[in-house]
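Inside the fold
As a plain string of letters, each chain reads:
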Amino acid sequence: MLTEEEYANVALFEGISPENLKQLLFCIKSFKKHFEKDENIIMEKDKVPYIGIVLKGGVHLIKNDIWGNETLLSFIQEGELFGENFAVMKMPESSVTFKASADTDVLFLAAANIIHTCPNSCSFHAKIAENMFHLLGQKSLSFMNKIEIMSKDSMRGKLLAYISMLSQQQNSRYVTSPLSRTQLADYLSVNRSAMTRELGKMRDEGIIDFDKNTFIIKK
């Protein structure tokens, strides 16, 4: 059973009372699992019958090319879904790898039991399906943000677009990046050393300030 804190952090369960949630999680065949940092959760080509929810930690969505190079496509934080795009397909096979970015707890939900009508006609079952489609829309916006960031033709442009995205998400000029410097360079597809130098230039010019993974937008 989920703790009160875990329940509160999951947007998928919005509008469902804790009492109904217990019955719902049984109905849709849920289970929790722990993963160590850097452990693969879902491998490329794996069947994906379950939708994952990050209860604690984080998950990175990684694509490997035929030469073995890794690209960080996206990152999933606490309370967010992953794998849902593959789980609702007719042939639910992953084209990417999902890896734990830290020690991570995941709640898995059987996708078929969410998208199909509940035989008990539970009102809260319909609510979770409604919530999931809303979150699918939000996930599409997240990928659009990544496209916007990568469309910038300079490293500085990519950095500013990334920091701007965080500022809008966190509604603050003081923002915390969920990615380390190495992970951020991978996410932006830039050289880490060159990125560090560019960040230093931006700080010297009074555009931003930063301390580790915290950025302050100055102008």
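Structure's up top.
Residues numbered from 1 in each chain as written. Predicted model: local features only at pLDDT ≥ 70, side-chain atom pairs only at ≥ 80, totals over all residues. Heavy atoms only, no water.

**Re the pairing of strand β5 (residues 70-76)**
Definition in use: Note on pairing: DSSP must find at least two bridges between two strands before they are called paired. Comment: elements are numbered from the N terminus, with helices defined as DSSP H or I runs of at least four residues and strands as E runs of at least two.
Pairing analysis gives six bridges linking strand β4 (residues 59-64) to β5, with the strands arranged antiparallel. Residue pairing across strands places His60 opposite Phe75, the latter belonging to β5. Joining the antiparallel neighbours β4 and β5 is a turn of five residues, in which Gly68 adopts a positive phi near 90°.

**Things to note about the sheet that holds strand β10 (residues 208-211)**
Keep this limit in mind: Angles shown run from 0 to 180 degrees and are taken between the N-to-C directions of axes, each axis being a line fitted to C-alpha atoms and, for helices, limited to the stretch in contact. For this analysis, residues touch if any pair of their heavy atoms sits within 4.5 Å.
Ordered in space as β9-β11-β10, the three strands form an open sheet in which the pairing is antiparallel. The outermost strands of the open sheet, each flanked by one partner alone, are β9 (174-176) and β10. Each adjacent strand pair in this sheet contributes to an overall mean axis angle of 20°, direction not counted. Of the strand pairs in this sheet, β10 and strand β11 (residues 214-217) are connected by four bridges, and their pairing is antiparallel. Each residue of the ladder has a partner; that of Ile208, found in β11, is Ile217. Running over the sheet, helix α8 (residues 192-204) touches β10 and β11 and is turned about 125° from β10.

**Brief notes about the environment of Met202**
Basically, it comes down to this: Categorising residues by exposure relies on relative accessible area from a 1.4 Å probe, with only protein chains included: less than 20% of the type maximum marks a residue as buried, more than 50% marks it as exposed, and the intermediate range marks it as partly exposed.
On the secondary structure map, Met202 appears in helix α8. Its relative accessible area of 0% is what places Met202 among the buried residues. Separated by 43 residues in sequence, Met202 and Leu159 place their C-alpha atoms 9.8 Å apart.

**Some remarks on the packing of helix α6 (residues 155-170) against helix α7 (residues 181-188)**
Convention followed: Roughly parallel here means an angle under 35 degrees, roughly antiparallel means over 145, roughly perpendicular means 65 to 115, and every remaining angle is called oblique. Left-handed describes a crossing in which the near helix is turned anticlockwise from the far one by less than a right angle; the clockwise case is right-handed.
Two elements in contact, α6 and α7, have axes separated by 11 Å at closest approach and are oriented at 110°. With respect to α7, the element α6 is oriented roughly perpendicular. α7 is crossed by α6, and the crossing has right-handed handedness. Every residue of α7 that contacts α6 at Lys158, Leu159, Tyr162 and Met165 is listed here: Leu184, Tyr187 and Leu188.

**Let's talk about helix α2 (residues 18-27)**
Heads up, the condition is: Comment: arc refers to directions from the helix axis out to C-beta atoms.
The complete set of buried residues in α2 reads Leu21, Leu24 and Leu25. The arc enclosing the buried residues of α2, seen along the axis, measures out at 95°, which places them on a common side. For α2, the exposed residues lying more than 90 degrees away from the buried face are Glu19, Lys22 and Phe26. Once α2 finishes, Lys29 follows within two positions and takes phi at roughly 55°, a positive value.

**A few points about the packing of aromatic side chains**
To keep it simple, the criterion reads: Centres within 6.5 Å are what make two rings of Phe, Tyr or Trp a pair, Trp counting through its six-membered ring; a difference in plane orientation under 30 degrees is then read as stacked, over 60 as edge-to-face, and the rest as tilted.
Enumeration according to the criterion identifies 10 aromatic pairs in this entry. Ring geometry for Tyr50 versus Phe108: centroids 6.5 Å apart, planes at 70°, classification edge-to-face. In this pair, Tyr50 is assigned in strand β3 (residues 50-56) and Phe108 in strand β8 (residues 104-110), connecting sequence segments 58 residues apart. When its relative accessible area of 31% is taken as the criterion, Tyr50 is described as partly exposed. Judged by its relative accessible area of 7%, Phe108 falls in the buried class. Their ring planes at 50° and their centres at 6.2 Å tell us that Phe210 and Phe215 sit as a pair that is tilted. Phe210 gets classed as buried once you look at its relative accessible area, which sits at 15%.

**Comments concerning the nonpolar core**
Grouped burial of nonpolar side chains is what soluble globular proteins tend to show. Test applied: Here, nonpolar core refers to any group of buried Ala, Val, Leu, Ile, Met, Phe, Trp, Tyr and Cys residues whose side-chain atoms link them within 4.5 Å.
The biggest cluster of nonpolar side chains holds 36 residues, and the ones touching the most others in it are Leu12, Phe13, Ile41, Ile53, Phe82, Phe98 and Leu109. Once residues lying within four places of it in the same chain are set aside, the contact partners of Leu12 are Ile53, Leu81, Leu109, Ile128, Asn131, Met132 and Leu135. With 25 residues, the next largest nonpolar core counts Ile62, Leu159, Leu166 and Phe215 among its residues.

**Structural notes on the sheet that holds β3**
Reading across the sheet, the four strands line up as β1-β8-β3-β6 and stay open at both edges, with antiparallel pairing between neighbours. At either end of the open sheet lies a strand with only one pairing partner, and these are β1 (31-35) and β6 (81-82). Where β3 meets β8, six bridges bridge the pair, whose relative direction is antiparallel. Pairing of Val54 across the sheet is with Val106, part of β8.

**Remarks on the side chain of Asp105**
Its location among the elements puts Asp105 in strand β8. In this structure Asp105 comes out as buried when scored by relative accessible area, which is 19%. Apart from the residues lying within four places of it in its own chain, the contact partners of Asp105 are Lys33, His34, Ile53, Val54, Leu55 and Lys56.

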